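# Structural overview for review
The primary structure of each chain is shown beneath.
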Amino acid sequence: RSQMTVKELADAMDRPTQHVFDCLEQINFAIRSKRDSYIINKLDVITKIVQLSGFRYQMGGPQEIDFEKLELELDAKDDSRSKRPKPQATHLIRRPPVVTIMGHVDHGKTTLLDSLRGSHIVETEFGGITQHIGAFNVKDKNRMITFLDTPGHAAFSMMRSRGAKCTDIVVLVIAAEDGVMAQTVESINHAKSTGCPIIVAINKIDKVNEAQINRVKQELLKYELIPEEMGGEVQIVPISALKKTNLDVLKEEIWTQAEIMELKGDPKGLVEGYIIESTQDLHKGKLATVLIQRGTLMKGDYLVAGKTWCKVKYIYDENSQNLQKASLSQAVQIMGWKDLPHSGDEVLQVDTEHRAKEICDLRHKKEMLVKQKQDLEIIKKKRAEHD
Ligand code: GTP
Ligand code: MG
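The structure presented is a predicted model; accordingly, all values stated were derived computationally and were not measured. (Residues numbered from 1 in each chain as written. Chains lettered and ligands numbered in written order. Predicted model: local features only at pLDDT ≥ 70, side-chain atom pairs only at ≥ 80, totals over all residues. Heavy atoms only, no water.)

## Observations regarding the overall build of the protein
Counting its secondary structure elements, the protein contains 10 helices and 21 strands. Against the 2.2 N^0.38 benchmark of 21 Å for 387 residues, the protein shows a C-alpha radius of gyration of 28 Å, more extended than a compact globule. In the protein, buried positions account for 48% of the 387 residues. Taking the contacts inside the protein whose residues are at least 6 apart along the sequence as the reference set, 72% of them involve residues at least 24 apart. When the accessible surface of the protein is summed, it comes to about 19600 Å², and 51% of that surface belongs to carbon and sulfur atoms. Distance between charge centroids for the protein: 4 Å, based on 56 positive and 56 negative side chains. (Helix = DSSP H or I, 4+ residues; strand = E, 2+ residues; numbered from the N terminus. Rg over C-alpha atoms; globule rule 2.2 N^0.38 Å. Buried < 20%, exposed > 50% of the residue type's maximum accessible area, 1.4 Å probe, protein only. Contact = heavy atoms within 4.5 Å. Areas by Shrake-Rupley, 256 points an atom, 1.4 Å probe, with all protein chains shown as cover. Lys, Arg positive; Asp, Glu negative; His and termini not counted. Charge placed at Lys NZ, Arg CZ, Asp CG, Glu CD.)

## Here's the deal with the packing of helix H2 (residues 17–26) against helix H10 (residues 353–386)
Where H2 meets H10, the closest approach of the two axes is 10 Å, and the angle between their N-to-C directions is 125°. It follows that H2 is oblique to H10 by the angle criterion. Of the two possible hands of crossing, H2 and H10 adopt the one that is right-handed. Counting all contacts with H2, which are made through Gln18, His19, Asp22, Cys23, Glu25 and Gln26, the residues of H10 involved are Asp375, Ile378, Ile379, Lys382, Arg383 and His386. The residue makeup of the contact of H2 with H10, split by class, is three nonpolar, four polar and five charged. (Axes fitted to C-alpha atoms, helices over the stretch in contact; angles between N-to-C directions. Parallel < 35°, antiparallel > 145°, perpendicular 65-115°, else oblique. Left-handed = near helix turned anticlockwise from the far one by under 90°. Nonpolar A, V, L, I, M, F, W, Y, C, P; charged D, E, K, R; others polar.)

## Some points on the pattern of salt bridges
Within the structure shown, the criterion is met by 25 salt bridges. With its nearest N and O atoms 3.2 Å apart, the salt bridge here joins Lys373 to Glu71. You can see Lys373 sitting in helix H10 and its partner Glu71 sitting in helix H4 (residues 67–77), a full 302 residues away along the chain. When its relative accessible area of 30% is taken as the criterion, Lys373 is described as partly exposed. Measuring nitrogen to oxygen at the nearest pair gives 3.9 Å for the salt bridge that ties Arg215 to Glu219. Placement of both Arg215 and Glu219 in helix H8 (residues 210–221) is noted, with a separation of four residues, approximately one turn of the helix. What emerges from the salt-bridge pattern is a single network uniting Arg81, Asp266, Glu272 and Arg294. (Salt bridge = Lys/Arg side-chain N within 4 Å of Asp/Glu carboxyl O.)

## What about the site of ligand 1?
For ligand 1, the set of nearby residues contains 15 residues, the closest of which are Asp106, Lys109, Thr110, Thr111 and Asp206. At 3.3 Å, a backbone N or O of His107 approaches an oxygen atom of ligand 1. Gly108 places a main-chain nitrogen or oxygen 2.9 Å from an oxygen atom of ligand 1. The fraction of the free accessible surface of ligand 1 (660 Å²) that becomes covered by protein chains is 70%. If one sorts the elements of the shell around ligand 1 by residue count, helix H5 (residues 109–123) sits on top with three residues. In the shell around ligand 1, the residues fall into three nonpolar, seven polar and five charged. (Near = heavy atom within 4 Å. Polar contact = N/O pair within 3.5 Å; in protein donor to acceptor, adjacent residues only side chain to side chain.)

## Focus on the side chain of Gln372
In this structure, Gln372 sits in helix H10. Contacts of Gln372, omitting those with residues within four sequence positions, involve Gln51, Phe55, Ile65 and Phe67.

## A few points about the side chain of Arg363
Following the sequence through the fold, Arg363 ends up in helix H10. From its side chain, Arg363 meets the backbone oxygen of Gly306 in a polar contact 2.7 Å long. Those residues within four positions of Arg363 in sequence are excluded, and the remaining contacts are Asp78, Asp79, Val304, Ala305, Gly306, Lys307 and Leu348.

As structure tokens, this is what we get:
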């Protein structure tokens, strides 16, 4: 019906009339008087109250919503990495390491990333202009390292909060002149909590003497980071990010560590990965950087991330070079998203556009359901306060 009194509506739902007034307040619907005989003459307001009360509006009268059942139904139709068949061991191949650089403020993280990235640009024959895509790949013969370029802590927090694993190895930058500082300790704890091995880069060695470098090594013992030369397992590389000293040694150490870890991935099957970052480009539209962790990404593939999807139109590297495909551990920028996905969103390839849209639709519905459930909790709490 398109017109009901507060009392009629309350009775239909088997709730006290005060509940209906609470709902009206919740949706900011101004009423002149709080009387049971007050007439609500807008169907959308009635429907909204019915929904807010945890019911479905139906012809025969309101029907109670079973949130748990509905959520389970939606989840069952949705897709996620955990539900997909695990790759067969015989499909696995070696893959490059993904590295995050962390360290205390001003100890030289950005300078190190720039030097690593810069040395790489000079090597490319195109000499393209680097753009910030949240990650970059350093190549050397047949070997590659992917550096995550988002501030180390952000990448780690994202991984932790979403249970995502985007990094294999942490490079901890410590300025030789300052030694271990507050955020150095924080970085060590972050790395340890995710189980990533740590390679220590003692930076700014162009400014200090040998004794100061040794002092930093001594300090590290307190944090159970025992240098190899002292019988431990931690690789320590003295570098100058600014003067580009020993960067090759650092890269070698990363490859050696990766070798020990026997990092593997499945180059076949549907693509899986994570969104590193996304951006709206004036000319190219919606772009997102994706770290590929499974499969081989090709133009024309369908991807889903969060509540949006994409038909891969173009694949770019950090030098704006147009790629035909992207493989394991590579971070590439993808054009073709309907909306901007969020950092840390799981990326899944699906077979068809229809399936991509279906998954987004399911996730929208789930979000609405959760919202409705929360609204209902608020109303219930308010009622409890009244009583
Ligand atoms: P935040 O992003 O603020 O946390 O700092 P950061 O860790 O990125 O440090 P950044 O790279 O901005 O370097 C801080 C300062 O140290 C800059 O003035 C750099 O030029 C300087 N610096 C970095 N590496 C070296 C180095 O190897 N030698 C010397 N002498 N200076 C360095
Ligand atoms: Mg910086």
